[in-house]
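A structural walkthrough
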Amino acid sequence: KGKRDGRGTFRFFQEEMGHAIKLRARMEAELRLGIGRGEIEPFYQPVVQLPSRELIGFEVLARWRHPERGLLGPMEFIGLAEETGLIAELSWAVMRKACTDARSWPSHLQLAINISPLQLQDRLLPERILAILTETGFAPGRLEIEITETALVNDLEAARVALKSLQNFGVRIALDDFGTGYSSLYHLRELQFDKLKIDRSYVASIPLGEDRAKLVDAIIALGSSLGLATTAEGIENSSSVDWLADQGCAYGQGFLFGKPVNKETTDGLLALWSDIAGKIVLTDSETA
Ligand code: C2E
Ligand code: MG
Ligand code: MG
Ligand code: MG
């Protein structure tokens, strides 16, 4: 009886595995098709100067407009795209669309675009980015590339070469999710970044006055001693804005200033904001 149970369990396990594998294969096929059909869309989240709240640009965040499942966030497809190698094609499509969308926006506004670890291993990375900039007429000085530390673990030397060559063209490099990686200080020593983005898990704790707020303070100080600007991500309440600015944090991003929205909504907001003043300043009432 025990034997039969064991075999039954094994068969059940096999069926489950088979199911999971099929599901994955289907999702991969769907994603491949989706990329081809242009279902991956850039969304835009405002990045502002602190404490003035003047808009300096947007972070580009990918969304998948799935024909049946609706709008999907990166959690649902970036991992799969990375594991299947589809991330490169996906990312280039997002970058191309974003640089095209931004052509109709005020020319001082910048774009920050996320790059995955796999792309950083591509020796042609700088050339590919420059080709998209040329094709879309988007100035390199308006582009910032965001990389996470996980992107640096594989081949630091390759990353150094690629990033340096992009910087030579005027593209800025930001270290994203700072404070969540294994060896943040090591990477700061080994590579020349232009900006640090403080992970929102730290920023969220500021109003609580926890020890993490002290860490935010320390990260900002560390950045400034290395000549790096800092962006606080995930700002949700206005009470942390003045505190961050007082500590010397130059930029901020978060639901307080605006959630990521599509091109059409961004167009609408920009028209509205520009009407108010030549300088685009976001106030709480406009962004609530
Ligand atoms: P990230 O680069 O750290 O992006 C910031 C994430 O924080 C975004 O999530 C954004 O919506 C969210 N966020 C911003 N402000 C707030 C806030 O005030 N409160 C809260 N709770 N969340 C906030 P999203 O769009 O889900 O993206 C998640 C991650 O997916 C990104 O983290 C980035 O690592 C990755 N990702 C997004 N688009 C791309 C892409 O085109 N290529 C690659 N390689 N990765 C991408
Ligand atoms: Mg980012
Ligand atoms: Mg981040
Ligand atoms: Mg983050």
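Each residue is numbered by its place in its chain's sequence as written, counting from 1. Chains and ligands are labelled by the order in which they are written, letters from A for the one and numbers from 1 for the other. pLDDT decides what is reported in this predicted model: residues at 70 or higher carry local features, side-chain atom pairs at 80 or more are listed and counted, and totals for whole chains, interfaces and linings draw on all residues regardless. Only hydrogens and water are set aside when side-chain values are computed; all heavy atoms of the structure are taken into account.

1. Points about the coordination of the magnesium ion (ligand 4)
The cut-off we apply is this: Any N, O or S atom lying within 2.8 Å of the metal counts as a donor, and for Na, K and Ca the limit rises to 3.2 Å; water is left out, so some sites can look incomplete. Runs of E in the DSSP output that reach at least two residues are strands. Runs of H or I that reach at least four are helices, and both are numbered from the N terminus. Relative accessible area decides the class of each residue, using a 1.4 Å probe on protein chains only: under 20% of the type maximum gives buried, over 50% gives exposed, and in between gives partly exposed.
Looking at the magnesium ion (ligand 4), one finds its protein donor set to be Asp177 (OD), Asp199 (OD) and Glu233 (OE), positioned 2.3 to 2.8 Å from the metal centre. Within one chain, the residues serving as donors to the magnesium ion (ligand 4) are arranged as D-x21-D-x33-E. A spacing of 3.0 Å is found between the magnesium ion (ligand 4) and the magnesium ion (ligand 3), which share aspartate 177 as a donor. In this pair, aspartate 177 sits in strand 6 (residues 172-178) while glutamate 233 sits in the loop between strand 8 (229-232) and helix 10 (239-247), placing the two residues 56 residues apart along the sequence. When its relative accessible area of 23% is taken as the criterion, aspartate 177 is described as partly exposed.

2. Section: the confidence of the model for the protein
Note the cut-off: pLDDT expresses, on a scale from 0 to 100, how confident the predictor is about each individual residue.
Mean pLDDT over the protein stands at 90; residues scoring 70 or higher make up 94%. Among the scores for the predicted complex, ipTM is 0.97 and pTM is 0.92.

3. Re the pairing of strand 7 (residues 195-198)
Here is the rule we go by: Two strands are counted as paired when DSSP detects at least two bridges linking them.
Side chains Lys195 and Lys197 project from strand 7 onto one buried face, and the interleaved Leu196 and Ile198 project onto a second face that is buried too. With 3 bridges joining them, strand 6 and strand 7 adopt parallel strand pairing. Counterpart to leucine 175 in the pairing with strand 7 is leucine 196. Note that strand 7 and strand 8 share 4 bridges and pair parallel. Within strand 8, the position partnered with lysine 195 by the bridge is alanine 229.

4. Examining the coordination of the magnesium ion (ligand 2)
Only Glu59 (OE), Asn114 (OD1), Glu146 (OE) and Asp176 (OD) from the protein coordinate the magnesium ion (ligand 2), and they sit 1.9 to 2.2 Å from it. Mapped onto the sequence, the donors of the magnesium ion (ligand 2) take the spacing E-x54-N-x31-E-x29-D.

5. What about the site of ligand 1?
The line we're drawing: Here a residue counts as near a molecule or strand whenever at least one of its heavy atoms sits within 4 Å of it. Polar contact criterion, stated in full: a pair of N or O atoms within 3.5 Å, where within protein one must be able to donate a hydrogen and the other to accept it, and residues adjacent in sequence count only if both atoms are side-chain atoms. To measure how exposed things are, a 1.4 Å probe is used in the Shrake-Rupley method; for residues, cover is taken only from the protein chains shown.
In the vicinity of ligand 1 lie 21 residues, with Asn114, Asp176, Arg200, Glu236 and Phe255 positioned nearest. Within the side chain of arginine 63, an N or O atom sits 2.9 Å from an oxygen atom of ligand 1. Take aspartate 176: an N or O atom from its side chain is 2.9 Å from an oxygen atom of ligand 1. Burial of ligand 1 by the surrounding chains reaches 83%, relative to a free accessible area of 810 Å².

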